[in-house]
Amino acid sequence: MLDKSQALLERAQKTIPGGVNSPVRAFKGVGGTPPFIKRAEGAYIFDEDNNKYIDFVLSWGPAILGHANPEIVAAAQHAVAMGSSFGAPTAAEIDIAEMIVARVPGLDRVRMVSSGTEACMSAIRVARGVKSREKIIKFSGCYHGHADSFLIAAGSGAMTLGLPNSPGVTRGTAQDTLIAQFNNIESVRALIDANPDQVAAVILEPVCGNTGCIPPQDDFLKKLRALCTEKDVALIIDEVMTGFRVARGGAVERYGVKPDLYCFGKVIGGGFPMAAYGGTHEMMSQVAPDGPIYQAGTLSGNPVAVAAGIAALKQLDAEAYDLLEARGAQLEAGFQKIIDANGYPLSQHRVGSMFTLFFHPGPIRNHEDVKSCDLERFNHFFHAMLKRGVYLAPSQFEAGFLSTAHTPEIIDEVLEKAEAALAEVF
Ligand SMILES: *Cc1c(COP(=O)(O)O)cnc(C)c1O
């Protein structure tokens, strides 16, 4: 029953486009009414009609320690009572910068910003400024926020809504964004060779998340690193989703590759609006006020967000990642058992606590493969799970997330429900 959510949606639509402040929340891809959420705790979210769901969206990634994590709550409460924003430097900003730099291989300096979009648009500005070139290469299906340069073949929201290229993005901007195919190194080489001395950077999600979870295959990241070095192109690894999620030091640690620039977000804000970009000394010394490349923000390094981020990172130790890996493995093994026992034409990918069940027999290597998923069946499955109290991302083109609050018992419960839901779908 979603009576209150339905009434709220109708009311919201009068003053907010689509009734939501970010398009994917509107359930346009899967249809139906999105539950309006009242509160959340641990692995659960509760809607206005008092329905309870096991949550695999986790605010689209940030809530890696579960919702309303007591230490994050306490840290944020303490910080907000001390004044929520000063527009001046604070000691805690150094603490979080040091924590991030210490964890992430190859990272020398970071600048805090307020969203992943800001982090990615700032990183490409730095790359363009340093390399004095204008074009960038991104991958079909990868999402790097909603800045103009990235709204070209941009995954998740844009794809679900069928708006691969947003109106309002100028032709000039679109021309400067070249599209390669994930897990296809030759597609990158061809673009660089076809645009000699024009490509400033290659930006990618090291594990695709915004077109469903797709791991890099056959040393793709290492090959990309070598190619970028060979061609003097900056490599930007967008860890907004994968950072501090797929490993303690992010995907760069997991896959042993060092980019020139990094983007972070989601997990580092502990559920508050915070993100960061960073890189090598060479790159980051060009950022204002040390260098000429401008970037600024009134609420950047916000004390409440920084306190929450520190409280999150402190809890994300080696043990936490072992636990997340174990929970992920449990879910994956359970799904596989159901798939094999019933011969369903499904496949899955999982990297740590990120996963996607594809309505496609596989292999899934990139966005082009995901496009041939059985979306109608996915949508049916999504609603069959929602009805059973499991909140999955409302699109096939999204990754699911686990938190440390997802106990083995909760995962067993979800697997039972998935088995029943799939039997309803097939
Ligand atoms: C979510 C996301 C972004 C954008 O972050 P926002 O905070 O939503 O602006 C950028 N890159 C990746 C890989 C993301 O998953």
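Everything quoted here is computed from the prediction, not taken from an experiment.

(A) A look at the pattern of salt bridges. What the rule picks out here adds up to 18 salt bridges. Residues Arg350 and Glu325 are paired through a salt bridge, measuring 3.0 Å at the closest nitrogen-oxygen approach. With Arg350 in strand S11 (residues 347–351) and Glu325 in helix H12 (residues 318–342), this pair connects stretches of sequence that are 25 residues apart. Because the salt bridges share partners, they merge into one network encompassing Glu186, Arg189, Asp193, Glu230 and Lys231.

(B) Highlighting the site of the ligand. Around the ligand lies a shell formed by Ser115, Gly116, Thr117, Tyr143, His144, Gly145, Glu205, Asn210, Asp238, Val240, Met241 and Lys266. A distance of 3.2 Å separates a nitrogen atom of the ligand from a polar backbone atom of Tyr143. Burial of the ligand by the protein chains amounts to 83% of its free accessible area of 390 Å². Here the shell around the ligand is built from residues that sort into 3 nonpolar, 6 polar and 3 charged.

(C) Layout of the packing of aromatic side chains. Taken as a whole, this structure holds 14 aromatic pairs when the rule is applied. Taken together, a centroid distance of 5.3 Å and an interplanar angle of 65 degrees make the contact between Phe182 and Phe220 edge-to-face. Of this pair, Phe182 sits in the loop between strand S6 (177–180) and helix H7 (185–194) while Phe220 sits in helix H8 (residues 220–231), placing them 38 residues apart in sequence. Residue classification places Phe220 among the buried positions, given a relative accessible area of 2%. With 5.5 Å between their ring centres and 35 degrees between their planes, Phe244 and Phe264 make a pair best called tilted. With Phe244 in the loop between strand S8 (234–238) and helix H9 (251–255) and Phe264 in strand S9 (residues 261–264), the pair connects residues that are 20 residues apart, well separated along the chain. Taking relative accessible area as the criterion, Phe264 reaches 1% and is therefore assigned buried. Of the aromatic side chains, those joined through ring pairs into one cluster are Tyr344, Phe359, Phe378, Phe381 and Phe426. Here the basic side chain of Arg39 rests over the ring of Phe46, its NZ or CZ set 4.0 Å away from the ring centre.

(D) Geometry of the UniProt feature "modified residue: N6-(pyridoxal phosphate)lysine" (unreviewed entry) in the protein. The UniProt entry lists Lys266 under the feature "modified residue: N6-(pyridoxal phosphate)lysine" (unreviewed entry), expressed in the numbering used here. Here Lys266 is to be found in the loop between S9 and strand S10 (275–279).

(E) Highlighting the packing of H12 against helix H15 (residues 408–425). Running from N to C, H12 and H15 point in directions that differ by 25 degrees, and their axes come no closer than 10 Å. Relative to H15, the element H12 is oriented roughly parallel. Crossing of H12 against H15: the hand is right-handed. Counting all contacts with H12, which are made through Arg327, Gln330, Leu331, Gly334, Phe335 and Ile338, the residues of H15 involved are Pro408, Ile411, Asp412, Val414, Leu415, Ala418, Glu419 and Leu422. A per-class count over the contact of H12 with H15 returns 9 nonpolar, 2 polar and 3 charged.

(F) Spotlight on the confidence of the model for the protein. Per-residue confidence for the protein gives a mean pLDDT of 95, with 97% of residues at or over 70. In this model, residues 159–164 is a region of pLDDT below 50 whose contacts with residues beyond four sequence positions or in other chains number 15 contacts.

Analysis parameters
- Residues numbered from 1 in each chain as written.
- Predicted model: local features only at pLDDT ≥ 70, side-chain atom pairs only at ≥ 80, totals over all residues.
- Heavy atoms only, no water.
- Salt bridge = Lys/Arg side-chain N within 4 Å of Asp/Glu carboxyl O.
- Helix = DSSP H or I, 4+ residues; strand = E, 2+ residues; numbered from the N terminus.
- Near = heavy atom within 4 Å.
- Polar contact = N/O pair within 3.5 Å; in protein donor to acceptor, adjacent residues only side chain to side chain.
- Areas by Shrake-Rupley, 256 points an atom, 1.4 Å probe, with all protein chains shown as cover.
- Nonpolar A, V, L, I, M, F, W, Y, C, P; charged D, E, K, R; others polar.
- Phe/Tyr/Trp six-rings, centres within 6.5 Å; stacked < 30°, edge-to-face > 60°.
- Buried < 20%, exposed > 50% of the residue type's maximum accessible area, 1.4 Å probe, protein only.
- Lys NZ or Arg CZ within 6 Å of the ring centre and 35° of its normal.
- UniProt positions renumbered as here; feature names shortened; annotations may be inferred.
- Axes fitted to C-alpha atoms, helices over the stretch in contact; angles between N-to-C directions.
- Parallel < 35°, antiparallel > 145°, perpendicular 65-115°, else oblique.
- Left-handed = near helix turned anticlockwise from the far one by under 90°.
- Contact = heavy atoms within 4.5 Å.
- pLDDT = per-residue confidence, 0-100.

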